[in-house]
Amino acid sequence: MSNNDQVRNAEKEAVVLLNQAMALAKASTSNSEHEIIQALDSNLKLWVEIETSLKSAKNLLPEDIKSNLMKLSKFVERMILCKGLKMTKTDFDCLVNINMQISEGLVEAVKNNLAREEAFSLLKCAVDLSNARENNSTSDLVNALDNNMKLWVYIKTLASDDKNPLPKETKGNLIKLADYVSSRTLEVGKNVECLNQKALDCMIMTNLQISEGLMSKRTAC
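What you see is a predicted model; the values in this text were computed from it and never measured. (Residues numbered from 1 in each chain as written. Predicted model: local features only at pLDDT ≥ 70, side-chain atom pairs only at ≥ 80, totals over all residues. Heavy atoms only, no water.)

1. Re a nonpolar patch on the surface
At step 1: Side chains of Leu123, Val127, Met205 and Leu208 sit close together on the surface and give an oily, nonpolar patch of about 300 Å² of accessible area.
At step 2: Looking at the nonpolar patch, the elements that each hand over two or more residues are helix H4 (89-134) and helix H7 (197-220).
At step 3: Looking at where Met205 falls in the secondary structure, it is placed in helix H7. (Patch = residues over 30% accessible without salt bridge, like charges linked within 9 Å, V, L, I, M, F, W, Y side chains within 5 Å. Areas by Shrake-Rupley, 256 points an atom, 1.4 Å probe, with all protein chains shown as cover. Salt bridge = Lys/Arg side-chain N within 4 Å of Asp/Glu carboxyl O. Helix = DSSP H or I, 4+ residues; strand = E, 2+ residues; numbered from the N terminus.)

Shown next as structure tokens:
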């Protein structure tokens, strides 16, 4: 699953949580037993699905977030199953607030985690390039250059996607950087036996700077 797909899935889940919050808020003031049961049942099923998703190996959320969401899902499930039609207005407000808060934080959590993964990939490529040079290993250098090229092609593909939520200026800068790294990679790769040290230094520094920027942005969020 691509980064954009993960973000879109998170956005869809956020909308579902908000819709359930609205249904619960409406049910909390309703005199219709059917409407109350329907809202509680739908919310229960939603949180059971969330819990199932959290247990999946494909779920890329950090362990601390998954653990907290798991605790919340258990709390919601117990409240609904134990109280049912005996739910008070305060109980309903509690469920509504949980859904709204998780909805707001879900997309940001996914984006932050993706930023961390991309930062690590950039850092690893920079380290591999540096180690290959230090070890004077032509094969390691060729492999490191290839991996770095693939990473930046991937970054350019993401930045070029019209559905990418990043600001237009940021996407434009990433595309220019990707083109720059690609040209430098081809330049260095043409003659690895007589290494262009300056070009390699520029590639390593570019990765380190972008990696640092992604991590700083994630910390600030």
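2. Some details on the nonpolar core
At step 1: Of all hydrophobic cores here, the largest spans 23 residues; its most connected members are Leu24, Leu40, Trp47, Phe92 and Leu95.
At step 2: Going through the elements one at a time, helix H1 (3-27), helix H2 (33-55), helix H3 (63-83) and H4 are the ones with two or more residues in this core.
At step 3: With eight residues, H2 is the single largest residue contributor to this core.
At step 4: If near-sequence neighbours (up to four positions away) are discounted, Leu95 is found in contact with Leu24, Leu40, Asn43, Val76, Met79, Ile80 and Met87.
At step 5: Formed by 13 residues, the second largest nonpolar core is a distinct cluster that contains Ala126, Leu141, Leu195 and Ala199. (Core = buried A, V, L, I, M, F, W, Y, C linked by side-chain atoms within 4.5 Å. Buried < 20%, exposed > 50% of the residue type's maximum accessible area, 1.4 Å probe, protein only. Contact = heavy atoms within 4.5 Å.)

3. Quick look at helix H5 (residues 138-160)
Quick reminder: α-helices carry 3.6 residues per turn. Residues three or four places apart thus point the same way.
At step 1: Between its terminal C-alpha atoms H5 stretches 33 Å, which fits the 33 Å expected from 23 residues at 1.5 Å a residue.
At step 2: For H5, the full list of buried residues reads Leu141, Ala144, Leu145, Asn148, Met149, Leu151, Trp152, Ile155, Leu158 and Ala159. (Expected span 1.5 Å × (residues − 1).)

4. Overview of the packing of H5 against helix H6 (residues 168-189)
At step 1: Their axes nearest at 9 Å, the elements H5 and H6 cross at an angle of 155 degrees. Compared by their axis directions, H5 and H6 come out roughly antiparallel. In the crossing of H5 with H6, the sense of the turn from one axis to the other is left-handed. Seen from H5, the contacting residues are Leu145, Asn148, Met149, Trp152, Ile155, Lys156, Ala159 and Ser160; seen from H6, they are Lys171, Leu174, Ile175, Leu177, Ala178, Asp179, Val181, Ser182, Thr185, Leu186, Val188 and Gly189.
At step 2: Looking at the contact of H5 with H6, its residues break down into twelve nonpolar, five polar and three charged. (Axes fitted to C-alpha atoms, helices over the stretch in contact; angles between N-to-C directions. Parallel < 35°, antiparallel > 145°, perpendicular 65-115°, else oblique. Left-handed = near helix turned anticlockwise from the far one by under 90°. Nonpolar A, V, L, I, M, F, W, Y, C, P; charged D, E, K, R; others polar.)

5. Here we look at unusual backbone geometry
At step 1: Residue Asn136 is not a glycine yet carries a positive backbone phi of 55 degrees.
At step 2: Relative accessible area serves as the criterion here: at 71%, Asn136 is assigned to the exposed category.

6. Here we look at the packing of H2 against H3
Pairs of packed helices are described in terms of their axes, by the angle between the two and the distance that separates them.
At step 1: Viewed as axis vectors pointing N to C, H2 and H3 meet at an angle of 150 degrees, and their least axial separation amounts to 9 Å. Classified by the interaxial angle, the pair formed by H2 and H3 is roughly antiparallel. Crossing angle aside, the handedness with which H2 passes H3 is left-handed. Along its contact with H2, which presents Leu40, Asn43, Leu44, Trp47, Val48, Glu51, Leu54 and Lys55, the element H3 presents Lys66, Leu69, Met70, Leu72, Ser73, Lys74, Val76, Glu77, Ile80 and Leu81.

7. Overview of the pattern of salt bridges
At step 1: Enumeration according to the criterion identifies twelve salt bridges in this entry.
At step 2: Measuring nitrogen to oxygen at the nearest pair gives 4.0 Å for the salt bridge that ties Lys26 to Glu35.
At step 3: Accessibility expressed as a relative area gives 56% for Lys26, which makes it exposed.
At step 4: As a salt-bridge pair, Asp179 and Lys156 come within 2.7 Å of each other at their nearest N and O atoms. Placement of Asp179 in helix H6 and of Lys156 in helix H5 is noted, with a sequence separation of 23 residues between them.
At step 5: Looking at Lys156, the relative accessible area reads 30%, which means it is partly exposed.

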